[in-house]
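Now for the letters of each chain:
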Amino acid sequence: SPTQFPTDVPTTSPTKAPVIATPDPTTSPSKTPSTPPTAAFPPLVYVGDNGSPGDGTFPLGKCQGDCDDDDDCEGVLECFQRGEFEPVPGCTGTGTGGRDYCYDPNPPTPSPTPCPDMEIVVNIVTDNYPEETSWILTNNCDGSEITPDEYVEKEFSHVQPYCLPLGEYTFVIEDTYGDGICCGYGRGSYEVTSNGVSVASGGEFDGTEASTFGSCSTTSPTKSPVVATLEPTVSAAPIASTKSPTPTGSPLSITAAPTEITYRPGDLKVPCDGGKLLLSTGLDCKRLTTYDERVQLANGSRSSEKFHEDADGAAVIPHPTDGGWYYTSNSESSNGGVGTLRFASNGDVIGYDRTLRGTIDNCGGGRTPWNTWVSCEENDSDGYCHEVDPYTKFTQRVQVVARGGNYESFAYDDEDPSAPNGYRFFITEDSSDGALTRYTPDDSAYTGNNYDILNTANGVYEYLVLNERQGTFTWSTSYSAGKTSASDFFINSEGIDVHDRILSFTAKAEKLLYTLDLEQQTYIVTSTVSGAFDLQPDQIGRILGEADVLYFCEDGGSNCDIHGRDGTGKYFTIVEGTGYDSETTGLAFSPDGMFMYVAIQSNSHIYSFWRTDGMAFNGTVAETKYH
């Protein structure tokens, strides 16, 4: 069976001699930087639980915790009640998960002090042996070096920002044990960014791993990330939906709204990627990834890890602070797991890493309300679901299903008045009698730590049972009743979506779309055969705007396409996969709606699509051609 995370950790280090780094005799002695690195705000410091022990720690100072209320904080400071690793205003780092910290709600407004040269941020997520991890950041132009204090906290994110002179830098991370920081004894990782662009990342290495970036040239670099040229025509940087750029053949700039809306869904006339895809008029695209190749990044470098095999279900998760986002993508292979593409706020790819390992045939999944990804295994009795946080790199197997199975997609309803905190969670299973599960966490799961919500005992499992004659449904605690209903009505259920208390899911074997009214407990079923589909409906995506559109991918075979269905029930085709004989999957949209992402599974080709009129996908369209 697959290894589950987090793994059990031995109480003592393995009994082999640690690898001792031998200094290079040709290397110059360490020097203190000529200009000390500076951090923008104080770091979060965990003093104790509500100020204990009582050794004069009350009241707590700025960026100190743990506080319960404002009285625990000194002066005008207040207690910032936060989620697990939610950033605290005016403080740096992530602190201790689930703890609250004092902050200044009305800080004085200082003169802006932007970093004039290179803002370098080092983020180390330690494994179960943090004392074995260290790093050196060397300025190759003057020989100065920066090293951190010894790490002592296990599986903890240490974020350290520095404002440094222009130059060429080499970052070397070392594990004295010689086995890296992932994944045998915890799930550590590291990432280094320079002016917001990822320049080094990873976790799996032996004794050391090094990356060099920057230049000793005296010319000041451009502060914004380098924009990669998008083929075959223009590059589109996301912009506010109230303004749109004018295509010029070069990276687009923000101008007044375009005089003409050019996007015509269903008018398939635009070839992309050498004719492998046929796009609707007004769209363009770029291929971002290929299996077993390092990902091309916007700064001209490539990712340290190669892209994963058989890309499948995916979601976009917003970055909590910098306006960028993550595209978390499953690997439906014997190696399984999840890989994550990191995007800057302008849509550039700035990083890639393997976020989950040790699982098998990760097929579908879904996003949680607190912006993590739930990845489900399609692995018979050994298949389960796992939660992945692309920001903190935290992973765990969750309890949203009661037993092993061929699980597919995950969705949530956060507006159920009869559920604790309003939350219900739904999981489909891709088998001939795969019951559709509704999971309700126990009240005790809501501890203030979001990671507990899907992984606390005593949750309730219920299964969808349809009443065909009356067009109604119920939720039964009988697993056998759920299996019978699935085999009678919705064989091989896959994609699922919940919006405004309407649940939609696909049953690909019979090419059906089920739409459930969760308030009225009624349902309707429609066939996709008369629509635009050539094959079986698979993943579902949704984007909202002037027209509420439900998007579908197709599962397997030639001409695998991306289709839409509007509120009137009419179907249209967005993209036609003319050059592929595979599965389209992993459909997701950037948080601002400017980019659409889709995977072609067989060779893990991830494509980015954008409108050439500069508008978001939820904006006005010229005309829709229906099928």
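Predicted, not measured: the structure shown is a model, and the values here were computed from it. Sequence order as written defines the numbering, with residues in each chain counted from 1. Local features in a predicted model are, by the rule used here, given only for residues with pLDDT of at least 70; side-chain atom pairs are given and counted only at 80 or more, and totals for whole chains, interfaces and linings are based on all residues. Hydrogens and water molecules were not included; the side-chain quantities draw on all heavy atoms of the structure.

(A) Region of interest: the overall build of the protein. Secondary structure is summarised from DSSP: a helix means a run of H or I of at least four residues, a strand means a run of E of at least two, and numbering begins at the N terminus for each. Helix and strand content of the protein: 1 helix and 45 strands. Buried means the residue's accessible area, taken with a 1.4 Å probe over protein chains only, is under 20% of the maximum for its type, while exposed means over 50%, and partly exposed covers the values in between. Within the protein, the proportion of its 627 residues that are buried is 54%. A contact between two residues is defined here by any heavy atoms of the two lying within 4.5 Å. Taking as baseline every contact in the protein between residues at least 6 positions apart, the subset at least 24 positions apart corresponds to 55%. Working note: accessible area of the protein is about 25900 Å², and carbon and sulfur atoms make up 48% of it. The Shrake-Rupley method, run with a 1.4 Å probe, gives the accessible areas here. Residue values count only the displayed protein chains as cover.

(B) Region of interest: helix α1 (residues 479-489). G482, S485, A486 and F489 are the residues of α1 that are buried. Looking straight down α1, one finds its buried side chains confined to an arc of 100°; they lie on one side. Check the buried side of α1 and you find it contacts β33 (460-467) and β37 (512-517). Directions pointing from the helix axis toward each C-beta atom define the arc.

(C) Layout of the pattern of salt bridges. For salt bridges, the criterion is a side-chain nitrogen of Lys or Arg within 4 Å of an Asp or Glu carboxyl oxygen. This model, assessed by the stated rule, comprises 16 salt bridges. A salt bridge links K508 to E494; its shortest N-O distance comes to 2.8 Å. On the criterion of sequence distance, the pair formed by K508 in the loop between β36 (502-507) and β37 and E494 in strand β35 (residues 493-499) is long-range, its members being 14 residues apart. E494 carries the same exposure label as K508, and that label is buried. Sharing partners across several salt bridges, the network here consists of D413, D416, R424 and R501.

(D) Broad picture of the sheet that holds strand β8 (residues 157-164). Strand pairing requires that DSSP identify at least two bridges connecting the strands. One open sheet accounts for 4 strands, arranged β8-β5-β12-β13; its pairing is antiparallel. Strands with a single pairing partner mark the edges of an open sheet, and in this sheet they are β8 and β13 (197-202). Averaged over neighbouring strand pairs, the angle between their axes works out to 15° when direction is ignored. Both strand β5 (residues 118-125) and strand β12 (residues 189-194) contribute to a ladder of 6 bridges, which runs antiparallel. Across the sheet, the residue bridging to V125 is S189, located in β12. Comment: axis = line fitted to C-alpha atoms, over the contacting stretch for helices; angle = value between 0 and 180 degrees taken between N-to-C directions.

(E) Looking closely at unusual backbone geometry. Following G65, the chain continues into D66 via a peptide bond in cis, with omega recorded as 20°. Topologically, D66 is positioned in the loop between β2 (64-65) and β3 (78-80). The omega torsion of the bond from C182 to C183 falls at 15°, within 30 degrees of zero and hence cis. Structurally, the position occupied by C183 is in strand β10 (residues 182-183). Phi is positive for C63, which is not a glycine, with a value near 70°. In this structure, C63 sits in the loop between β1 (45-46) and β2.

(F) The state of the cysteines, seen in detail. Defined by distance alone, a disulfide is two cysteine sulfur atoms within 2.5 Å. The tally for this structure, following the rule as stated, stands at 8 disulfides. Sulfur-sulfur distance for the disulfide between C115 and C163 comes to 2.3 Å. Between C115 and C163, the S-S dihedral sits near 95°, and the bridge is therefore right-handed. Pair noted here: C115 is in the loop between β4 (101-103) and β5 and C163 is in strand β8, with a separation of 48 residues, a long-range link. A disulfide bridge connects C272 with C285, and the sulfur atoms are separated by 1.6 Å. Sign of the S-S torsion, about -70° for the bond between C272 and C285, identifies this disulfide as left-handed. Taken together, the positions of C272 in strand β17 (residues 264-272) and C285 in strand β19 (residues 283-287) put the pair 13 residues apart, joining distant regions of the chain.

(G) Highlighting the sheet that holds strand β27 (residues 373-377). Strands sit in the order β26-β27-β28-β29 across an open sheet of 4 strands; the sheet is antiparallel. Bordering the open sheet on either side are β26 (362-367) and β29 (395-398), each of which pairs with just one other strand. Here the average twist between neighbouring strands, direction ignored, is 30°. In terms of strand pairing, β26 meets β27 through 4 bridges, oriented antiparallel. Within β27, the position partnered with R367 by the bridge is W373.

(H) Fine view of the side chain of R187. The residue R187 is located in strand β11 (residues 186-187) in this model. No salt bridge is formed by the buried R187. Its closest oppositely charged neighbour is D353, at 7.2 Å. Side chain to side chain, R187 and T395 meet in a polar contact 3.4 Å long. For the charge count, each Lys or Arg is scored as positive and each Asp or Glu as negative, with His and the chain ends excluded. Here a polar contact is recorded for every N or O atom pair within 3.5 Å, except that within protein the pair must consist of a potential hydrogen donor and a potential acceptor, and residues adjacent in sequence are included only if both atoms are side-chain atoms.

(I) Structural view of the confidence of the model for the protein. A residue's pLDDT is the predictor's confidence in that residue, given on a scale from 0 to 100. Per-residue confidence for the protein averages 80 on the pLDDT scale, and 78% of its residues sit at or above 70. Per-element confidence in the protein is highest for strand β32 (residues 437-440), whose mean pLDDT is 98, and lowest for strand β15 (residues 244-245), whose mean pLDDT is 31. Every residue in residues 218-259 scores below 50 in pLDDT, and together they form 85 contacts with partners more than four places removed in sequence or on other chains. In this model residues 543-547 is a low-confidence stretch, pLDDT under 50, and it forms 12 contacts with partners more than four residues away in sequence or in other chains.

(J) The pairing of β29, seen in detail. Relative to β29, strand β28 (residues 385-388) runs antiparallel, the two being bridged by 4 bridges. Along β29, the bridge assignment pairs E387 with Q396. In this structure, the hairpin formed by β28 and β29 is closed by a connection of 6 residues, where K393 is found at a positive phi of approximately 70°.

(K) Region of the structure containing a negative patch on the surface. Residues enter patches when they are more than 30% accessible in relative terms and free of salt bridges; like-charged ones are connected within 9 Å and nonpolar ones (Val, Leu, Ile, Met, Phe, Trp, Tyr) within 5 Å. Taken as the charge location is NZ of Lys, CZ of Arg, CG of Asp or CD of Glu. The grouping of D68, D69, D70, D71 and E78 at the surface amounts to a negative patch. Tracing the chain through its elements places D69 in the loop between β2 and β3.

(L) Quick look at the environment of G351. You can see G351 is positioned in strand β25 (residues 349-356). G351 sits 153 residues away from S198 along the chain, and the two C-alpha atoms are 5.5 Å apart. Sequence-distant contacts of G351, defined by excluding residues within four places in its chain, comprise S198, L297, T340, L341 and R342.

(M) Geometry of the environment of S432. Position of S432 relative to the elements: it lies in the loop between β31 (424-429) and β32. On the accessibility criterion, S432 (47% relative accessible area) is partly exposed. Taking the C-alpha atoms as reference points, S432 and S487, separated by 55 residues in sequence, lie 5.6 Å from one another.

(N) Seen up close, the packing of aromatic side chains. Paired rings are identified among Phe, Tyr and Trp, the last through its six-membered ring, by centres lying within 6.5 Å, and are further divided according to the angle between planes into stacked (under 30 degrees), edge-to-face (over 60) and tilted (the rest). The tally for this structure, following the rule as stated, stands at 32 aromatic pairs. The interplanar angle of 80° and the centroid separation of 6.0 Å between the aromatic rings of Y263 and F617 together place this pair among those described as edge-to-face. Pair noted here: Y263 is in the loop between β16 (254-255) and β17 and F617 is in the segment after β45 (605-611), with a separation of 354 residues, a long-range link. By relative accessible area, F617 is classed as buried at 4%. Among the aromatic residues, ring-to-ring pairing joins W325, Y327, F343, F595, Y597 and W610 into one connected group. The positively charged end of R403 is found above the aromatic ring belonging to Y479, 3.8 Å away from the centroid. The rule is short: NZ of Lys or CZ of Arg within 6 Å of the ring centre and within 35 degrees of the ring normal puts a charge over the ring.

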